[in-house]
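For reference, the chains in residue letters:
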Amino acid sequence: MKTSLIVQDAIGLFKNQNAHEVWQSHNSKNKPIEVSVWDDYFKMTGMDSEVRFIRFVEKSEHETKEMWLITTLNKGISSKTVWKMMHKR
């Protein structure tokens, strides 16, 4: 499967940056985790508005999980709120 150029751009940008935000939380087993977030906007051909890419990395004592979200949600909704929404599904 070929990765689109805009996704490659986001991956490349986030790879070379420190996390934009980091917080402590708990996983579904109530074990402590550290959540790191990269959050930025990109222009996408054919779109009137920018596309928001958010990368979440959750680290616990025994595992690391990575999640990506591509959305048109604006910055008025914090990445922490988006993360909480993802975990309520």
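Refer to the structure above for everything that follows.
Residues numbered from 1 in each chain as written. Predicted model: local features only at pLDDT ≥ 70, side-chain atom pairs only at ≥ 80, totals over all residues. Heavy atoms only, no water.

(A) Spatial organisation of the packing of aromatic side chains. Inspection of every chain in the model, using the stated rule, returns four aromatic pairs. Look at W23 and W83: their rings are 5.7 Å apart centre to centre, the planes differ by 75°, and that puts the pair in the edge-to-face class. Of this pair, W23 sits in strand β1 (residues 21–26) while W83 sits in helix α2 (residues 79–87), and the two are 60 residues apart along the sequence. The buried category is assigned to W23, whose relative accessible area is 7%. (Phe/Tyr/Trp six-rings, centres within 6.5 Å; stacked < 30°, edge-to-face > 60°. Helix = DSSP H or I, 4+ residues; strand = E, 2+ residues; numbered from the N terminus. Buried < 20%, exposed > 50% of the residue type's maximum accessible area, 1.4 Å probe, protein only.)

(B) Up close: α2. Within α2, burial applies to S79, V82, W83 and M86. The buried residues of α2 occupy an angular sector of 100° when the element is viewed end-on, so they sit on one face. (Arc of directions from axis to C-beta.)

(C) Just the nonpolar core, in detail. Residues W23, I33, V35, V37, I54, F56, M67, V82, W83 and M86 constitute the largest nonpolar core, which totals ten residues. Looking at this core, the elements that each hand over two or more residues are β2 (32–42), β3 (51–59) and α2. Once you skip the residues sitting within four places of it in the chain, M86 turns out to touch F56 and M67. Counting residues in hydrophobic clusters, the runner-up holds eight residues, among them A10, F14, W38 and V51. (Core = buried A, V, L, I, M, F, W, Y, C linked by side-chain atoms within 4.5 Å. Contact = heavy atoms within 4.5 Å.)

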